[in-house]
Amino acid sequence: MAHAIEVAGLTKHFGPVKAVDDLSFTVDEGRVTGFLGPNGAGKTTTLRMLLGLVNPTSGSATVLGQPFPALRDPVHTVGAVLDGGMLHPGRSGRNHLRTLAKASGIGSQRVEELLQLVALADAAHRRAGGYSLGMRQRLGLAAALLGDPKVLVLDEPANGLDPQGIRWLRDFLRQLASEGRAVLISSHQLAELGQTADDVVVIAKGRSVAQAPLQDIMSRARGGGVRVAGPDVRRLGDILYQAGARVSGDPTQITVADRTGEEVGRVIAEHQLVISELVPIGASLEDVYFELTGGGAGGPS
Ligand SMILES: Nc1ncnc2c1ncn2[C@@H]1O[C@H](COP(=O)(O)OP(=O)(O)OP(=O)(O)O)[C@@H](O)[C@H]1O
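As annotated in an unreviewed UniProt entry, the protein chain carries the name ATP-binding cassette domain-containing protein and comes from Solirubrobacter deserti. One UniProt comment on the protein chain, placed under Sequence similarities (unreviewed entry), says "Belongs to the ABC transporter superfamily."

Next comes the structure, spelled out in structure tokens:
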């Protein structure tokens, strides 16, 4: 069966600029895939090629096995939010959706369903121009979902959202994936995708630098071990050493290179030891991301 999204050898040159360079990845149904890279890495250009808005220099991008322009029923196949979703500021949220629905032969019942789903029912009669950024993002999501598509493509949907908005979005996207949809979501911040994405594709300067389950990338960040201090660390060190752990340090403080904080915590509890400090050490999520992307291709956002 075809992947929900398949990008193969995709390349785009703008004159001398290689915006996307021989990029390949797949996205499957039932999963949220994070598409990560610093500003200018080539994310938007890739998504625009996937949606048939930019012609590739070479390579291909398909949705459910077809290039976007060849899809027989695009509205019911793939929904997208690019540029935060375009809207007419003088129109109400409800009218904005009704206009789009009508153009695609979709009834107004679906509009009401979606207004409920994205928590905009109460504000649906107000001018969309007066909506907060979060409300506009939710309206964009509703528009993308009008045709109940199997595949969703979202360009930086968390941009500018407050923590509540990000949390809402995370739960919403997880729900869409649990219904069997494929969700591709771009971001320039790895931390933003924590607890949202199942898989991540990381790009820098148009090229893929990592593709893995998010958990794998996270565990690279946690791979530095733990430092423990306190009256019973000597005993703890002996117990861990005998269990095969890599332990170093002195009688007041030890470092355990190959155990997580939780694993060490369990040994402490099991043996009823007294400690005063237990600190995870090693790279942060940001450190791992910077290492992967070469410190950010496009400077600060
Ligand atoms: N129409 C265009 N003409 C010329 N260069 C372009 C065009 N569109 C994008 N680029 C260049 O291609 C590169 C990739 O840009 P793109 O917008 O795809 O990156 P991005 O990862 O989406 O970044 P951002 O997060 O800042 O949107 C950049 O160097 C950009 O300046």
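> Can you tell me about the sheet that holds strand S13 (residues 277–280), naming the residues and giving the values?
Pairing within the open sheet is antiparallel, and its 4 strands lie in the order S11-S12-S10-S13. Of all the strands in the sheet, just strand S11 (247–250) and S13 have a single pairing partner and so form its edges. Averaged over all neighbouring strand pairs, the angle between strand axes comes to 15°, with direction disregarded. Direction of pairing for S11 relative to strand S12 (residues 253–256): antiparallel, over a ladder of 4 bridges. Within S12, the position partnered with aspartate 250 by the bridge is glutamine 253. Here helix H9 (residues 233–242) sits on the sheet in contact with strand S10 (226–229), S11 and S12, set at roughly 25° to S12. This element, helix H10 (residues 261–270), spans S10, S12 and S13 of the sheet and lies at about 160° to S13.

> I'd like a rundown of the sheet that holds strand S3 (residues 32–36), residues and numbers included.
Ordered in space as S5-S6-S7-S3-S8-S9, the 6 strands form an open sheet in which the pairing is mixed. Of all strands in the sheet, those bounded by a partner on one side alone are strand S5 (78–81) and strand S9 (207–213). Averaged over all pairs of adjacent strands, the angle between strand axes in this sheet comes to 15°, irrespective of strand direction. Bridging between S5 and strand S6 (residues 151–154) involves 4 bridges; their strand directions are parallel. Residue valine 78 lies in a different strand from S6, and its bridge partner there is valine 151. Across the face of the sheet, helix H6 (residues 163–178) comes into contact with S3, S6 and strand S7 (182–187) while running at roughly 150° to S7.

The rules behind each value
- Residues numbered from 1 in each chain as written.
- Predicted model: local features only at pLDDT ≥ 70, side-chain atom pairs only at ≥ 80, totals over all residues.
- UniProt positions renumbered as here; feature names shortened; annotations may be inferred.
- Pairing = 2+ DSSP bridges.
- Helix = DSSP H or I, 4+ residues; strand = E, 2+ residues; numbered from the N terminus.
- Axes fitted to C-alpha atoms, helices over the stretch in contact; angles between N-to-C directions.
- Contact = placed C-beta atoms within 7 Å.

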